[in-house]
Amino acid sequence: MRKLLPLDARNDDNTEIRGSNCNDEVVSSSNDKCKGMEIVDDFSKSDFQGEDEEDSGRGGENARVSAGEEVWEECGCVLWDLAANQTHAELMVQNLILEVLLANLMVTQSVRVTEICLGIMGNLACHEVPMKHMVSTNGLISVIVDQLFLDDTQCLGEACRLLSLGLQGSECRIWAEALQSEHILSRILWVTENTLNPQLIEKSVGLLLAMLESQKEVEHILLLPLMKLGLATVLVNLLAFEMSKLTNERIPERYSVLDVILRALEALCVLDGYSQEICSNKEFFQLVCDLIKFPDKVEVSNSCVTAGVIIANILSDVSDLASDLSQDLPFLQGLFDIFPFTSDELEARCALWSIIARLLVRVQEDEMSASSLRQYVFILSSKADLIEDDLFDHQFDENKENESLATCGRISNARTFALRRIISILNKWNSLKDSVEEKHVMEEHANDENIHRLLDCCHKYTVSGAE
């Protein structure tokens, strides 16, 4: 660790740091790791919208690094990896690694050094004891927060990761207080909305998610100023951008970005006092509905599940929206297509059945034309296997030791109501199909076998559910 001292301090013979130097064998074995962690961005180009090349950051200022800096990087990469291990991490903080990293952050002009310092601390922050040392190290958190004002993508990503970990820990209030000023929160939102780098979008939104999911005291400190600064608008704009990318380009590295944006929006939807603004946003509602109708759900299954939960939450607050959705047949079909991805997520299955129940209760099978009714029947019968699989899984739900009884009750009620509506719709179809007057409309009727199988399945479940 002595080799990580700032150059000026390293040249001072009176400087002492407890602990061992990086030995030659470890440094040699870490060369490949260092190369793998090097900055890949082209710093002659900006990673932010509307930024001139000459302002793109400090990454291109020094084309050459000294031999001493190369050794520093190699040792830093070794410690970055070692910090992921709890035993090594605790030993490192005992030997003043945090003081060494703080000293570097205060004097370095190298974005690579800054990135490695933040990366080491990010791994240290995964462990309880090192995290407590961070909080107690005078001036460290404020210096970490200052790194948010760099224009280097890698440094910003590591800073966001480290701050997210701080907000998730037991000392979250201290980290929140360090972030609470308006100019810091504005900077976080600006970076989130303006970066062109998918990894930085993911990590900066991850920081916002950590704020939304943290303890109540963090919510009281950060949420009101964030909402005033336009948090909801920023997240919806990001969702719109990622949805356009998904529709037109389908870039796999962006799927995780879409997922974390939706998780942040989901968290915002359920926060008392803040949910109304986002739940009443028509663009947001349309975007999540479009995701439900996305055909290739395997690629973005987690995002589709989250979208389903969001829609269920919105409909519970704004039930009138279900009227138009009940006539959107591709949306209904898309809901059933999500079931295979929710087998281990009881809350998500409850959300899906809740939406289906809200839609089907608005289907007036006795008043609609046979051709319109046929479209609903076709979708229901074509999804008979998915419905049957979910009902089969239901028998195991109540036997799961860790599942909430309240959740089991909600999903049972929503599912039972939806199944009764399915029975009513299918029975109406069968009566029309047998009618002489309507036979000309029924020539391309839905598969009878699937209909009968689905009816039997629904009847069995509603009878057993009522017992």
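Throughout, a residue's number is its position along its own chain's written sequence, starting from 1. Confidence filtering applies because this is a predicted model: local features only for residues at pLDDT of at least 70, side-chain atom pairs given and counted only at 80 or more, and all residues used for totals across whole chains, interfaces and linings. The basis for every side-chain value is the complete set of non-hydrogen atoms in the structure, without hydrogens or water.

Moving on, we get to the overall build of the chain. Starting at the N terminus, helices and strands are each numbered in turn, a helix being any DSSP run of H or I of at least four residues and a strand any DSSP run of E of at least two. When helices and strands are counted, the chain shows 26 helices and 0 strands. The buried label applies to any residue whose accessible area, calculated with a 1.4 Å probe on protein chains only, is under 20% of its type's maximum; exposed applies above 50%, and partly exposed to all values in between. A total of 467 residues make up the chain; the buried ones form 52% of that total. At a minimum sequence separation of 6, the contacts of the chain that also span at least 24 residues come to 75%. Using the Shrake-Rupley algorithm and a 1.4 Å probe, accessible areas are obtained, with residue cover drawn only from the displayed protein chains. Put simply, the chain shows about 21,900 Å² of open surface, and 46% of that area lies on carbon and sulfur atoms. By the convention used here, residues are in contact when the closest approach between their heavy atoms is within 4.5 Å.

A few words now on the packing of helix α7 (residues 111-124) against helix α10 (residues 153-168). Between N-to-C directions, angles cover 0 to 180 degrees, with each direction set by a line fitted to C-alpha atoms, over the stretch in contact for helices. Where α7 contacts α10, the two axes come as close as 9 Å, and the packing angle between them is 20°. Classified by the interaxial angle, the pair formed by α7 and α10 is roughly parallel. Viewed along their axes, α7 and α10 form a crossing whose handedness is left-handed. Counted together, Val111, Thr114, Glu115, Leu118, Gly119, Met121, Gly122 and Asn123 of α7 and Gln154, Cys155, Glu158, Ala159, Arg161, Leu162 and Leu165 of α10 form the full contact between these two elements. Considering only residue class, the contact of α7 with α10 consists of 7 nonpolar, 5 polar and 3 charged. These descriptions rest on fixed angle ranges, namely under 35 degrees for roughly parallel, over 145 for roughly antiparallel, 65 to 115 for roughly perpendicular, and the rest for oblique. By convention the crossing between two helices is left-handed if the near helix lies anticlockwise of the far one by an angle smaller than a right angle, and right-handed if it lies clockwise. Amino acids are sorted into nonpolar (Ala, Val, Leu, Ile, Met, Phe, Trp, Tyr, Cys and Pro), charged (Asp, Glu, Lys and Arg) and polar (every other residue, Gly among them).

Now for the confidence of the model for the chain. Within a predicted model, pLDDT stands for the predictor's per-residue confidence, ranging from 0 to 100. Averaged over every residue, the pLDDT of the chain is 83; residues scoring 70 or more account for 78%. Note on residues 11-46: pLDDT under 50 across the span, and 60 contacts to partners over four residues away in sequence or across chains. Long-range and interchain partners of residues 51-64, a stretch whose pLDDT sits below 50, account for 19 contacts in this model, where long-range means more than four residues apart.

Two measures describe an aromatic ring pair: the distance that separates the ring centres and the angle between the ring planes. Put simply, two rings from Phe, Tyr or Trp (the six-membered ring, in Trp's case) pair if the centres are within 6.5 Å, and we call them stacked under 30 degrees between planes, edge-to-face over 60, tilted for the rest. All chains considered together, the criterion is met by 3 aromatic pairs. An angle of 40° between the planes, with centres 6.1 Å apart, marks the rings of Phe336 and Phe339 as tilted. Each of the two residues, Phe336 as well as Phe339, counts as buried. Taken together, a centroid distance of 6.5 Å and an interplanar angle of 80° make the contact between Phe336 and Trp353 edge-to-face. Placement of the pair is Phe336 in helix α21 (residues 329-338) and Trp353 in helix α22 (residues 346-360), with a sequence separation of 17 residues.

Right, let's get into unusual backbone geometry. A positive phi is found at Leu96, a non-glycine position, where the angle reads about 65°. Along the chain, the position of Leu96 falls in the loop between α5 (86-94) and α6 (97-107). The exposure class assigned to Leu96 is partly exposed, which follows from its relative accessible area of 25%. Backbone geometry places Arg250, a non-glycine residue, at a positive phi of 55°. By the secondary structure assignment, Arg250 is in the loop between α15 (231-248) and α16 (255-269). According to the relative accessible area criterion, Arg250 is partly exposed, its value standing at 31%.

Salt bridges are counted wherever a side-chain nitrogen of Lys or Arg sits within 4 Å of a carboxyl oxygen of Asp or Glu. Going through the model one piece at a time under the given rule, you end up with 20 salt bridges. Linking Arg349 and Asp390 is a salt bridge whose minimum nitrogen-to-oxygen distance equals 2.9 Å. Of this pair, Arg349 sits in helix α22 while Asp390 sits in helix α24 (residues 384-397), placing them 41 residues apart in sequence. Looking at Asp390, the relative accessible area reads 4%, which means it is buried. Its salt-bridge partner being Glu365, residue Arg421 comes within 2.7 Å of it at the nearest N-O pair. Of the two residues, Arg421 sits in helix α25 (residues 405-433) while Glu365 sits in the loop between α22 and α23 (370-382), which places them 56 residues apart along the sequence. The exposure class of Arg421 is buried, given its relative accessible area of 13%. Judged by its relative accessible area of 6%, Glu365 falls in the buried class. Bridged by salt links that share partners, the residues Glu73, Arg112 and Glu115 form one connected network.

Let us look at α22. Each helix should span, by expectation, one fewer than its residue count multiplied by 1.5 Å. With 15 residues, α22 should cover 21 Å at 1.5 Å per step; its first-to-last C-alpha distance of 21 Å lies within 8% of that length. Burial analysis of α22 places 13 of its 15 residues in the buried class, the great majority of the element.

Looking now at the environment of Ala322. Note on placement: Ala322 falls in helix α20 (residues 321-325). Judged by its relative accessible area of 0%, Ala322 is buried. Residues Ala322 and Val361, spaced 39 residues apart in sequence, show a C-alpha to C-alpha distance of 9.6 Å. Aside from chain neighbours lying at most four places away, what touches Ala322 is Leu315, Arg358, Leu359 and Arg362.

Right, let's get into helix α19 (residues 301-317). Between the first and last C-alpha of α19 there are 25 Å, a value that for 17 residues agrees with the 24 Å anticipated at 1.5 Å per step. Most of α19 is tucked away: 13 of the 17 residues are buried.

Inspection of the secondary structure puts Leu235 in helix α15. For the pair Leu235 and Leu268, spaced 33 residues apart in sequence, the C-alpha separation works out to 9.9 Å. If we ignore the near neighbours within four places in the chain, the residues touching Leu235 are Val205, Leu208, Ile261, Ala264, Leu265 and Leu268.

A word on the side chain of Glu158. One can find Glu158 in helix α10. When its relative accessible area of 8% is taken as the criterion, Glu158 is described as buried. Polar contact criterion, stated in full: a pair of N or O atoms within 3.5 Å, where within protein one must be able to donate a hydrogen and the other to accept it, and residues adjacent in sequence count only if both atoms are side-chain atoms. At 3.2 Å, the side chain of Glu158 forms a polar contact with the side chain of Arg161. In contact with Glu158, other than residues within four places in its own chain, are Trp80, Glu115, Leu118, Gly119 and Lys203.

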